[in-house]
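Working through the structure, step by step
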Amino acid sequence: MADGGFNTGEAVLGFGATGPYRAPSESHGERVATVRGALPGWLRGTLVRTCPARFRVGAWEASHWFDGLGMLYAFELTGEGARLRFRDLDCDAARSLAAGRRDVASFATAMRRPWWKRLLQPVPRITDNANVNIVPRGDGFAALTESPRQLRVDRATLAVTGEHAWGDALGDVLHTAHPVFDRAKGVWVDVCSDLGARPALRVVEHDRDGRGRREVAQWRAPALPYLHSFGVTDAAVLVLAHPLTISPARMLFSDKGFADHLRWAPQEMQLLALGRRDGSVRSWRAPTGFVFHVIDAFEDPRGLVLDALVYDDAEVVQSLRVPRMLAGPASLIPRPLRYVLPRDGAEARVEPLHDKGFEFPVVDRRVTGERTWTWGARPLFDGARSTSTVVALDHRARTLREHDEPGWVFGEPVFVPRHDKAEEGDGWVLATIFR
């Protein structure tokens, strides 16, 4: 896949998969791969991921795809072949459910707490079910979800070694699950939602070891947008403040999931630029929409530019509830749009990048400025009939290449460059597939 497309080679590693949304019966283990095709000689190393894996524990059932209990897994590629290691995520949320308690708040699955406990604890324990993303931290990893709680993971065993403790006074703010690593400055950048008495989005930076967060900018509003990802340039963090919002007061004394307190108002949305150097805040207006995933951000002579995958509304959040997914097809096909934020003026200019949509975008983070390639997947979830395509979007030519494996469903892809100095797109795209 040397030019960012899908035209030079392919290999499939088989691990005896059990099918969509079916976790292994064991809590941990490993599988040796059978290989179809040929792996390039330079492709060596370990890819570690996390995912929602277990949707039922005793009498408890997850009500939303995002609430499945997490599992960590690692693909190890060596000169002798490949193997898969996996381990259930050892977290507070899973232990509470195993003990028959439903007292940890999650994304969209209700708790069951007696009235007196809700009265004494109006803000419940927030989940540490870190089933969304995993990033390097120190000599191990950090498993992340949209929560103040992040878990430390041992690199060799995938065992959780404890909860990460921040050495700062920022408090229990909600992190996104998609922080961005600034390679030039050697820092992680994140946008935290502070749902305290004075709600705010707080831009923070911290080192590779997570030894302490430093706030560099903030934006206050009575109701905050539900934030899953954002864009980063050298000078600013770009946020799509869409009109799916949360007000902290709605959640007090409640046993509902986080998503049940979100409110959608079909109105114009704001695009925010929060200065990383001076804490400044600028905003632009744009037509309404909803975004899970930002693709990228950069600056050019026109101003700031933000590429994102945009839904017309927030109905997709509801469509990923488990009963809805079991009852019929759920598609994740937002439009790839470009927002140009002019230096003068308050209106964002919107440009379509392509007429075909997709989700789960990934870019080559070694590249600064405007990138050429974005890879992603276009899934249609429909039980045993689920299908999908992995795609490569050429931003400059505005063309889209597609690759599918009949009967298989692609997960979020990962781009691996041939070497650190390779040109953008010179490498392989890795994706978990199942059927």
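Below you will find a few notes about this structure. (Residues numbered from 1 in each chain as written. Predicted model: local features only at pLDDT ≥ 70, side-chain atom pairs only at ≥ 80, totals over all residues. Heavy atoms only, no water.)

1. Points about the overall build of the protein chain
Stated formally: Note on conventions: DSSP H or I runs of at least 4 residues are helices, E runs of at least 2 residues are strands, and numbering of each starts at the N terminus. The globule rule used for comparison is 2.2 Å times the number of residues to the exponent 0.38, while the radius of gyration itself is calculated over C-alpha atoms. Burial here depends on accessible area, computed with a 1.4 Å probe over protein chains only, as a share of the maximum for the residue type. Under 20% is buried, over 50% is exposed, and the range in between is partly exposed. Only heavy atoms matter for contacts: two residues are in contact if any of them lie within 4.5 Å across the pair.
Within the protein chain, the secondary structure is distributed over five helices and 38 strands. Its C-alpha radius of gyration of 21 Å places the protein chain within 12% of the 22 Å reference for a compact globule of 435 residues. Expressed as lengths along the three principal axes of its C-alpha atoms, the size of the protein chain is roughly 60 × 60 × 45 Å. Of all 435 residues assigned to the protein chain, the portion counted as buried reaches 57%. Contacts in the protein chain between residues far apart in sequence, at least 24 positions, make up 56% of those at least 6 positions apart.

2. Quick look at the sheet that holds strand β27 (residues 303–311)
To keep it simple, the criterion reads: Pairing between strands is defined by DSSP: at least two bridges between the two strands are required. Only the contacting stretch of a helix is used when fitting its axis, a line to C-alpha atoms as for every element, and angles between N-to-C directions run 0 to 180 degrees.
What the four strands build is an open sheet, ordered β26-β27-β29-β30; its pairing is antiparallel. In this open sheet, the two edge strands, each paired with only one partner strand, are β26 (290–300) and β30 (349–352). Ignoring strand direction, the axes of neighbouring strands in this sheet form an average angle of 25 degrees. Taken together, the eight bridges between β27 and strand β29 (residues 335–342) define a ladder with antiparallel strand orientation.

3. Observations regarding the sheet that holds strand β16 (residues 187–194)
Across the sheet, four strands lie side by side as β15-β16-β17-β18; this open sheet has antiparallel pairing. Strands with a single pairing partner mark the edges of an open sheet, and in this sheet they are β15 (180–182) and β18 (214–220). Averaged over all adjacent pairs, the angle separating strand axes in this sheet is 25 degrees, with direction ignored. Looking at chain direction, β15 and β16 are connected through three bridges and run antiparallel. Bridge assignment links F181 to a residue of β16, and that residue is W188.

4. Section: the side chain of D128
Worth spelling out the cut-off: Pairs of N or O atoms are called polar contacts if they sit within 3.5 Å, as long as, within protein, a hydrogen donor faces a hydrogen acceptor (for residues adjacent in sequence, only side-chain-to-side-chain pairs).
Structurally, the position occupied by D128 is in the loop between β10 (125–126) and β11 (133–137). At 2.8 Å, the side chain of D128 and the backbone nitrogen of D92 are in polar contact. When near neighbours in sequence (up to four residues on either side) are disregarded, D128 contacts L89, C91, D92, A93, R149 and L151.

5. Considerations on the nonpolar core
Which entries qualify depends on this criterion: By convention a nonpolar core is built from buried Ala, Val, Leu, Ile, Met, Phe, Trp, Tyr and Cys residues, the set being connected through side-chain atoms within 4.5 Å.
Of all hydrophobic cores here, the largest spans 70 residues; its most connected members are V239, F258 and F290. When residues no more than four places from it in sequence are discounted, the contact partners of F258 are S106, F107, A108, L174, L195, Y226, I246 and M251. A236, L238, W284 and V294 belong to the second largest nonpolar core, which has 19 residues in total.

6. Considering empty space enclosed by the protein
Note the threshold: The distinction between a cavity and a pocket rests on a 1 Å grid over the protein atoms alone: a 1.4 Å probe fits inside a cavity but cannot get out, while a pocket stays open yet meets protein on both sides within 12 Å along at least five of seven lines, and a residue with an atom within 4 Å of a point counts as lining. Grid points are joined across faces, edges and corners, and a volume is the space filled by probe spheres set on the points. Under the convention adopted here, Pro, Cys and the residues Ala, Val, Leu, Ile, Met, Phe, Trp and Tyr are nonpolar, Asp, Glu, Lys and Arg are charged, and Gly plus all remaining residues are polar.
Scanning the model with the defined rule gives two cavities of 30 Å³ or more in all. Reported here for the largest cavity is a volume of approximately 110 Å³. Residue lining of the largest cavity: 13 residues in total, with L174, S193, Y226, L227 and F258 positioned closest to the centre. Where the lining of the largest cavity is concerned, the elements lending two or more residues are β16 and β19 (224–225). Of the residues contributing to the lining of the largest cavity, the split by class is nine nonpolar, three polar and one charged. Taken together, the residues that form the lining of the second largest cavity break down as five nonpolar, three polar and no charged.

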